[in-house]
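The chain contents come next:
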Amino acid sequence: MLEIQRIRTEKEAVIEGLKKRNIDATATVEEILKKDQEWRESKSELESIAAELNQIAKEIGDLFKQGKQAEANAAKERTTSLKGKEAQLKEVVSGLENEIQQLMYTLPNVPNEQVKAGKNELDNEIVDEVGSKHIFDGEPLPHWELTKKYDLIDFELGVKITGAGFPVYKGKGAKLQRALIQFFLDEAEKAGYEEFIPPHVVNEASGIGTGQLPDKEGQMYHCTVDDLYLIPTAEVPLTNIYRDVILPDENFSIKMTGYTPCFRREAGSYGKDVRGLNRLHQFDKVEIVRIEHPDNTAKALDEMVEHVRGLLAKLGLHYRILRLCGGDTGFASAMTYDFEVFSAAQEKWLEVSSVSRFDTFQANRLKLRFKTADKKTQLAHTLNGSALALPRIVAALLENYQNADGSITIPEVLVPYTKFDKIG
RNA sequence: GGAGAGAUGGCAGAGUGGUCGAAUGCGGCGGUCUUGAAAACCGUUGACCUUCACGGGUCCGGGGGUUCGAAUCCCUCUCUCUCCGCCA
């Protein structure tokens, strides 16, 4: 959620910024400011009535103590009309607060100045591409054939047990999965991230804190009996560790990592790109999350990008980095870099990581703040990124590392984890 | 699932209708003393909204009610703890 203060003082900049998302927020912003003005007026009127009532109440207390019953009762009379007015104003004020809140929830984050205007993924900027396409002797097989051939992942079995999008990993397929998780966690730890194993189910307040709720309700699995949500990413529980927290001083840099399964309903995305591992309802991911002083955010984002680069380089994958355009940048994000690996058999790019800075957008909802040197409270900045999401990495590894004899080579960095260097 | 207890400031913990945003202790911060530190002593120490400011207002788990006045009384929800049962 944007800060109301920012809308008051930087109205034009906010509207201009949101245009990069292909959104004209003028009407909403004007509406917010109008209601905000009304709210402030009603609120101050309400407060002066409250002050008067407090004053009278105090007088009555004194009168009773002095035994001046009659005068006290007379004073009581004075309160009735004030109380009526107070009740009326209270309703107006809380009504306005609700309306403003609802409007505020509809506004996405203002893109960073580096973000280009654009409608959709076609307008994203390719900022770098590393590696080149594998040259194969024959036709490489797509990963869904490889997983079947070597009995690594059983999609049909998952359908039987749960439904589409819940694969069963077997044998070397399962081991490869575990190896990647371990490898990613070790790398994150080397980079200074502290490991967490958070709950995989969260409450409503946490969903609101990181911005999944209220708007994107349909994306999460909801356990209605207990009113809890399966996490769509470790970002939710990890970031919410710092909900309602005021860090004691401004010297902080919090770096967290965690592996969790991620659950996504992916409502409305059936039919396209859902083959094999490309899009699942449950998948594994190692996430990195940072909480930073606003002055340090740009640097932190760069470090996270470098970290993900390092992972892909070590795995020897051909990848590219995109800076998402305004229209493709997530609701809460101010700037996002997507990482895509090239899938040799499918001959297309697969997104494997998304690294974002949210600035104060999440912190505002989370009430995540810190104390400045002069003892003021100020919103902190949050960032997060996948490092990495497993399924498409697995897809790319299997497809790209096929050998002429049909076997699949395991990248050297993973061998200590898998304890085997070849499939097939 | 059954029975009971409870939710107060960073923590512990008092407070059952008016002077309580809240005693006291611990912790934190500043100071005195000291070569330095400890101890001792003194002071200070919540968040939010509004205002240029003075000031004003709100907050004692959430919501509602009674009252001139609620941390304190009533209703309701949520959560936590203890015991029993069940289970890893």
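If you're wondering where the values come from, they're calculated on a predicted model, not measured in any experiment. (Residues numbered from 1 in each chain as written. Chains lettered and ligands numbered in written order. Predicted model: local features only at pLDDT ≥ 70, side-chain atom pairs only at ≥ 80, totals over all residues. Heavy atoms only, no water.)

(A) Structural context of the nonpolar core. Grouped together as the largest cluster of nonpolar side chains are 54 residues, with contacts concentrated most on Leu180, Leu312 and Ile393. Contributions of two or more residues to this core are made by helix H7 (171-190), strand S10 (282-292), helix H10 (297-314), strand S11 (319-323), strand S12 (335-343), strand S13 (348-359), strand S16 (381-389) and helix H12 (390-400). Once residues lying within four places of it in the same chain are set aside, the contact partners of Leu312 are Leu317, Tyr319, Phe339, Val341, Val352, Leu388 and Ile393. Ranked by size, the runner-up nonpolar core spans 32 residues in total, among them Leu2, Val14, Ile56 and Leu107. (Core = buried A, V, L, I, M, F, W, Y, C linked by side-chain atoms within 4.5 Å. Buried < 20%, exposed > 50% of the residue type's maximum accessible area, 1.4 Å probe, protein only. Helix = DSSP H or I, 4+ residues; strand = E, 2+ residues; numbered from the N terminus. Contact = heavy atoms within 4.5 Å.)

(B) Representation of the packing of aromatic side chains in the model. If you walk through the whole model with that rule in mind, you get seven aromatic pairs. Here the aromatic rings of Phe166 and Tyr221 are separated by 6.3 Å at their centres, their planes lie at 55 degrees, and the arrangement is tilted. Of this pair, Phe166 sits in the loop between helix H6 (155-161) and strand S3 (168-169) while Tyr221 is found in the loop between helix H8 (204-210) and strand S6 (222-223), placing the two residues 55 residues apart along the sequence. Taking the relative accessible area as the measure of exposure, Phe166 reaches 16% and is therefore buried. Relative to Phe370, the ring of Phe252 lies with its centre 5.2 Å away and its plane at 50 degrees, an arrangement referred to as tilted. Taken as a pair, Phe252 in the loop between strand S8 (246-247) and strand S9 (253-263) and Phe370 in strand S14 (residues 369-371) lie far apart in primary sequence, 118 residues in all. Since its relative accessible area comes to 0%, Phe370 is described here as buried. Taking the ring centre of Phe420 as reference, the NZ or CZ of Lys172 above it sits at 4.7 Å. (Phe/Tyr/Trp six-rings, centres within 6.5 Å; stacked < 30°, edge-to-face > 60°. Lys NZ or Arg CZ within 6 Å of the ring centre and 35° of its normal.)

(C) Local environment of a negative patch on the surface. Where like charges cluster on the molecular surface, the negative patch consists of Glu204, Glu217, Asp226 and Asp227. With respect to the helices and strands, Asp226 occurs in the loop between S6 and strand S7 (228-230). With relative accessibility at 54%, the residue Asp226 sits in the exposed group. (Patch = residues over 30% accessible without salt bridge, like charges linked within 9 Å, V, L, I, M, F, W, Y side chains within 5 Å. Areas by Shrake-Rupley, 256 points an atom, 1.4 Å probe, with all protein chains shown as cover. Salt bridge = Lys/Arg side-chain N within 4 Å of Asp/Glu carboxyl O. Lys, Arg positive; Asp, Glu negative; His and termini not counted. Charge placed at Lys NZ, Arg CZ, Asp CG, Glu CD.)

(D) Quick look at the protein's contact with RNA strand B. In the vicinity of RNA strand B, 20 residues are found, and the nearest of them are Arg40, Glu47, Ala57, Lys371 and Thr377. Considering RNA strand B, the proportion of its atoms within 4 Å of the protein that are sugar or phosphate atoms stands at 65%. A distance of 2.8 Å separates a base nitrogen of RNA strand B from a polar side-chain atom of Glu47. Here a phosphate oxygen of RNA strand B and a side-chain polar atom of Asn54 are 3.2 Å apart. For the surface near RNA strand B, the elements supplying multiple residues, two or more each, are helix H3 (26-65), helix H4 (69-106) and S14. Among the elements that line the surface near RNA strand B, the one with the most residues is H3, at 12 residues. Residue classes in the surface near RNA strand B are distributed as seven nonpolar, four polar and nine charged. (Near = heavy atom within 4 Å. Polar contact = N/O pair within 3.5 Å; in protein donor to acceptor, adjacent residues only side chain to side chain. Nonpolar A, V, L, I, M, F, W, Y, C, P; charged D, E, K, R; others polar.)

(E) The arrangement of the side chain of Gln362 in detail. Its place among the elements puts Gln362 in helix H11 (residues 360-366). At 2.7 Å, the side chain of Gln362 and the side chain of Thr382 are in polar contact. Among residues more than four places away in sequence, those in contact with Gln362 are Gly209, Thr210, Glu235, Thr239, Thr382 and Asn384.

(F) Focus on the sheet that holds S8. Ordered by their spatial adjacency, three strands build an open sheet running S8-S14-S15, and the pairing between neighbours is mixed. Of all the strands in the sheet, the pair left with one neighbour each is S8 and strand S15 (377-379). The pairing of S14 with S15 spans three bridges and is antiparallel. Opposite Arg369, over in S15, you have Leu379 as the bridge partner. (Pairing = 2+ DSSP bridges.)

(G) Structural view of the domain arrangement of chain A. Structurally, chain A comprises domain 1 (4-106) and domain 2 (121-423). On the side of domain 2, 10 residues touch domain 1, which itself brings four residues to the contact. For the pair domain 1 and domain 2, the two sides together bury roughly 550 Å², of which 44% comes from carbon and sulfur. Contact with domain 2 buries area across many residues of domain 1, yet Lys20, Arg21 and Tyr105 alone supply 87% of it, more than any other trio. Taken together, domain 1 and domain 2 are joined by zero salt bridges. On inspection of domain 1 and its partner domain 2, the count reaches four residue pairs in polar contact (both at pLDDT 80 or more). (Domains from an automatic or database assignment. Buried area = accessible area lost by both parts, 1.4 Å probe.)

(H) Spotlight on the packing of H7 against H10. Contact pair H7 / H10: the axes reach a minimum separation of 11 Å and the direction vectors enclose 140 degrees. Taken together, H7 and H10 sit at an angle that is classed as oblique. The handedness of the crossing between H7 and H10 is right-handed. Judged by residue contacts, Phe183, Phe184, Glu187 and Ala188 of H7 engage His307, Leu311 and Lys314 from H10. In terms of residue class, the contact of H7 with H10 is built from four nonpolar, one polar and two charged. (Axes fitted to C-alpha atoms, helices over the stretch in contact; angles between N-to-C directions. Parallel < 35°, antiparallel > 145°, perpendicular 65-115°, else oblique. Left-handed = near helix turned anticlockwise from the far one by under 90°.)

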